[in-house]
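Single-letter residue listing:
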Amino acid sequence: NFFDNGISFLRKGHWQTEYDLSLKLFVNAAKCALFIGNIVSLKYLSQQVLSFGNSFEDKLEVLYITVSALARIETHQAVEKAISVLSHLGEVFSESHSEPGNIKLLIEQTKFMLNKYTDKSLL
């Protein structure tokens, strides 16, 4: 794709010399990988951003993409990752929220409560 081509033109050490461009290319390539279901590429691209990102804010979008991918494959891991990210942002969760049975129950309760709303009204 377009972003992979852009990444292929980056020179060695690009994270230090072309940080903003590298971040944009890798994040957008990760989005594309998620969209087409290319988990191998998504894992590589996300790992690059998580390894070389200068700040938590720079990594946040890739963390969201990672949680989205995990949600398709392994709900429990996705929830654990999401709780980790939210904890880093200052949200506090009790231990009971991280147990698999409780997580599923909370998800089902949330779906039930949101059932009466349309997508348009939520947005």
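Because the structure is a prediction, the values reported are computed rather than measured. Here the residue numbering is sequential within each chain, running from 1 through the sequence in written order. With pLDDT at 70 or above as the cut-off, local features in this predicted model cover only qualifying residues; side-chain atom pairs require 80 or more to be listed or tallied, and sums for whole chains, interfaces and linings still use all residues. With hydrogens and water set aside, each side-chain value is computed from the structure's full complement of heavy atoms.

Asks: Can you tell me about the environment of Lys 116, naming the residues and giving the values?
Replies: Under the scheme used here, helices are H or I runs from DSSP no shorter than 4 residues and strands are E runs no shorter than 2 residues, and both carry numbers assigned from the N terminus. The residue Lys 116 is located in the loop between α7 (100-114) and α8 (119-122) in this model. Along the backbone, Lys 116 and Glu 74 are 42 residues apart, and their C-alpha atoms lie at a distance of 27 Å.

Asks: Explain the packing of helix α3 (residues 19-36) against helix α5 (residues 56-73) residue by residue, including any values.
Replies: Axis definition: a line fit to C-alpha positions, over the contact stretch in the case of helices; interaxial angles, taken between N-to-C directions, run 0 to 180 degrees. Their axes nearest at 10 Å, the elements α3 and α5 cross at an angle of 15°. Taken together, the axis directions place α3 and α5 in an arrangement best described as roughly parallel. The crossing of α3 and α5 is left-handed. Seen from α3, the contacting residues are Tyr 19, Leu 23, Val 27, Ala 30, Lys 31 and Leu 34; seen from α5, they are Asp 58, Glu 61, Val 62, Ile 65, Ser 68, Ala 69 and Arg 72. Each residue gets one of three labels, nonpolar for Ala, Val, Leu, Ile, Met, Phe, Trp, Tyr, Cys and Pro, charged for Asp, Glu, Lys and Arg, and polar for the others, Gly among them. When the residues that make up the contact of α3 with α5 are grouped by side-chain class, the tally is 8 nonpolar, 1 polar and 4 charged. Oblique is the label for any angle not under 35 degrees, not over 145, and not in the 65 to 115 range, which are roughly parallel, roughly antiparallel and roughly perpendicular in turn. The sense of a crossing depends on the near helix, which, turned anticlockwise from the far helix by less than a right angle, makes the crossing left-handed and, turned clockwise, makes it right-handed. Throughout, a contact is declared for two residues whenever any of their heavy atoms are within 4.5 Å.

Asks: An account of the pattern of salt bridges is needed here, citing residue identities and associated values.
Replies: In a structure, side chains of opposite charge can pair up when their charged atoms sit close to one another. For this analysis, a salt bridge means a side-chain nitrogen from Lys or Arg found within 4 Å of a carboxyl oxygen belonging to Asp or Glu. In total, this model carries 1 salt bridge according to the counting rule given. Measuring nitrogen to oxygen at the nearest pair gives 2.6 Å for the salt bridge that ties Glu 61 to Lys 31. With Glu 61 in helix α5 and Lys 31 in helix α3, this residue pair connects regions lying 30 residues apart in the sequence. Relative accessibility thresholds used throughout: buried, under 20% of the residue-type maximum; exposed, over 50%; partly exposed, between the two (1.4 Å probe, protein chains only). For Glu 61, a relative accessible area of 35% corresponds to the partly exposed category. On the accessibility criterion, Lys 31 (36% relative accessible area) is partly exposed.

Asks: Talk me through helix α4 (residues 39-52); I want residue IDs and the actual numbers.
Replies: Count 3.6 residues to each turn of an α-helix, and residues three or four apart come out pointing the same way. Here, expected helix span is obtained from the residue count minus one, scaled by 1.5 Å. In a regular helix each residue adds 1.5 Å, so 14 residues correspond to 20 Å; α4 covers 20 Å between its end C-alpha atoms and thus fits that length. Among the residues of α4, Leu 42, Leu 45, Ser 46, Gln 48 and Val 49 are the ones counted as buried. One side of α4 holds all its buried residues, which, seen down the axis, span an arc of 150°. Facing away from the buried surface of α4 by more than 90 degrees, the exposed residues are Val 40 and Lys 43. Where α4 is buried, its residues touch α1 (2-8), α2 (14-17), α3 and α5. An arc is given here, and it is the one of the directions from the helix axis to the C-beta atoms.

Asks: An account of the nonpolar core is needed here, citing residue identities and associated values.
Replies: Core analysis: the biggest nonpolar cluster contains 18 residues, and Ile 7, Trp 15, Leu 23, Phe 26, Leu 42, Leu 45 and Val 49 have the highest contact counts within it. In terms of residue count, the dominant contributor to this core is α3 (9 residues). Nonpolar cores were defined as sets of buried Ala, Val, Leu, Ile, Met, Phe, Trp, Tyr and Cys residues, with membership established by side-chain atoms within 4.5 Å.

Asks: So what's going on with the packing of α4 against α5? Residues and values would help.
Replies: Contact pair α4 / α5: the axes reach a minimum separation of 9 Å and the direction vectors enclose 150°. Accordingly, the angle class assigned to the pair α4 and α5 is roughly antiparallel. When you trace α4 past α5, the crossing you get is left-handed. Between α4, through Ile 39, Leu 42, Ser 46, Val 49 and Leu 50, and α5, the contact on the second element is made entirely by Asp 58, Lys 59, Val 62, Leu 63, Ile 65, Thr 66, Ala 69 and Ile 73.

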